Amino acid sequence: MLPSVLFVASECAPFAKTGGLGDVVGALPIALAARGHDVRVVLPKYDILKPAQMWRHPEALAVPLGAGIAWCAVWESRLPGSEVPVYFLEHDALFGRGYLYDPPKGHAADNMVRFAMLSRGAFALARHLNFTPDIFHSHDWPSALVPVYANTTERGTALAGAATVLTIHNLAHQGISPEADLWRTHVPRECFREDGLEDHGNVNLLKGGLYHATMLTTVSPRYAEEIRTPEHGAGLENLLRFRAGDLVGVLNGIDTRAWDPAKDVYLPAHYDAQDLSGKVVCKRALQEELGLAVREDVPLLGVVTRLGPQKGTDIIAAAVPQLLGLGAQLVVLGSGDSRTEETFRYYSAQSPGGFRAKIGFDERLAHRIEAASDLFLMPSRFEPCGLNQMYSMRYGTLPLVRATGGLDDTVQQCDERTGEGTGFKLHDLSVSSLVETARWAVRVWRENRPHFRTMQYRAMRQDFGWERAAKRYGEVYRWALERRRGHSA
Ligand code: ADP
Ligand code: GLC
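Residues numbered from 1 in each chain as written. Chains lettered and ligands numbered in written order. Predicted model: local features only at pLDDT ≥ 70, side-chain atom pairs only at ≥ 80, totals over all residues. Heavy atoms only, no water.

(A) Representation of unusual backbone geometry in the model. Of the consecutive residues Ala-13 and Pro-14, the connecting peptide bond is found in the cis state with omega at 5°. Position of Pro-14 relative to the elements: it lies in the loop between β1 (5-8) and α1 (20-35). For His-200, which is not glycine, the phi dihedral falls at a positive 50°. Inspection of the secondary structure assignment puts His-200 in the loop between β10 (198-199) and β11 (202-204). For His-200, a relative accessible area of 77% corresponds to the exposed category. (Helix = DSSP H or I, 4+ residues; strand = E, 2+ residues; numbered from the N terminus. Buried < 20%, exposed > 50% of the residue type's maximum accessible area, 1.4 Å probe, protein only.)

As structure tokens, then:
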């Protein structure tokens, strides 16, 4: 029997997503189920969940929290196109707030308790379902208390034999809260120590999870190495070095059904690696839609991203005039950092024929940009994995990335002598290095079209499906069980 798994997560596409974490939790369980794992997912029932068919369990769930018991209702659905059960924990006071993590431009002071409800609720749910998972699989700080509970409050229960796996999607967010609120989570006070949840006098949920989880994973092999260095360890590098023997990098896949240029429901025309004529139609349609000059002979550079320091979007913003100076068009879809938003808005008003910025989150436009662009810019300062560069390659849109984390693992550098490559990589993060790499890519597009075409073909034929990752997670689960129980069966 393959290990059974309960995913505990704060996002899961299509129900709730702010970034790649949602994509992963929405897709990986389906690939695991296809391999034969009994896998289920639990997440909060935010009031802003996308409408979905779901039904409510008659019995409420009692979750020990705060001064007594917090009650929540359990709702159930399925991951679309699969039989994978998804459970939603409903507790209006904590999750009915119009946001996932923080209010716009604000900060939710009680996130530790909100997500303790999710983590502790996962154990209550397992009991309620009469489901004894072999593995609890947590993702980032919001479910990092699961391994802590497994080692403390759950000790001696039927669920204590479960191994815990914590996947790091992004070390930049750790879930820091004041110590004074720790009692509300019921995590025993003795866990508040340097080799535990304590971090400069505060509670650090991720750190606690990293100490307590049976195994750790992160979303690319390269990032698994980088996070053991001061540059990328976000203050946790020593702990990650200490746990290096239990830390595995598993490269994310992408949802190849939702992101398929031959079938994508958002596109005005379809295409594949053999015949790119539909891509030309997509380019023209996007130029028309956004009011750019309709020019097939001008390279179109695309960006779809959160705007913030991680993504290097400040560098893109500063480079806009020089990028347009290469005789290229640029389209940006994103939201986040307000100064970067302002800069993009400014240039968008200045150069309507050559540059368009759409500030916001727009799934349809994201797909249309991926299909229409010739090149995709992603000069991240750090990137645990990154999905957009993989979407781009699948759409024949060559990524121009900084050689870091998952970007370095997934993109192969263009080599004009050998004809190799699936994209263009830069090393230093600066305006000049971004512009010079873009100049090179634009030149290859203009002057060496056969090579560009070969790279597109190669990029489109890469295997980015989830099967490979699911197999690898299956091994991680087995290793975790061996560590927890002394045997994997
Ligand atoms: P991260 O999770 O760090 O933001 P990823 O590349 O892993 O980066 O995943 C980002 C996901 O969010 C992708 O599915 C991407 O298409 C989507 N996304 C990001 N910004 C936007 C936006 N403004 N509109 C639509 N989709 C977006
Ligand atoms: C995080 C990372 C991103 C990764 C995603 C999914 O949001 O920033 O690089 O692709 O998680 O694992």
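(B) Structural context of the site of ligand 1. Within the structure, ligand 1 sits among 21 residues, and Gly-20, Asp-23, Arg-306, Lys-311 and Gly-360 are positioned closest to it. Residue Gly-20 places a main-chain N or O atom 2.6 Å away from an oxygen atom belonging to ligand 1. A distance of 3.5 Å separates an oxygen atom of ligand 1 from a polar side-chain atom of Tyr-391. Protein contact buries 93% of the 560 Å² of open area that ligand 1 shows by itself. Of all the elements in the fold, those that place two or more residues in the shell around ligand 1 are α1, β14 (300-307), β15 (329-336) and α12 (388-394). For the shell around ligand 1, the element with the highest residue contribution is β14, accounting for three residues. Both domain 1 (5-253 + 466-485) and domain 2 (277-460) contribute no fewer than three residues apiece to the shell around ligand 1. (Near = heavy atom within 4 Å. Polar contact = N/O pair within 3.5 Å; in protein donor to acceptor, adjacent residues only side chain to side chain. Areas by Shrake-Rupley, 256 points an atom, 1.4 Å probe, with all protein chains shown as cover. Domains from an automatic or database assignment.)

(C) Quick look at the domain arrangement of the protein chain. The domain boundaries assigned to the protein chain delineate domain 1 (5-253 + 466-485) and domain 2 (277-460). Taking only C-alpha atoms, the centre of domain 1 and the centre of domain 2 are 33 Å apart. Summing the contributions of domain 1 and of domain 2, the shared interface buries around 1,400 Å²; its carbon and sulfur component is 55%. Area buried by domain 1 at its contact with domain 2 is led by Lys-17, Arg-222 and Leu-251, which between them contribute 29% of it. (Buried area = accessible area lost by both parts, 1.4 Å probe.)

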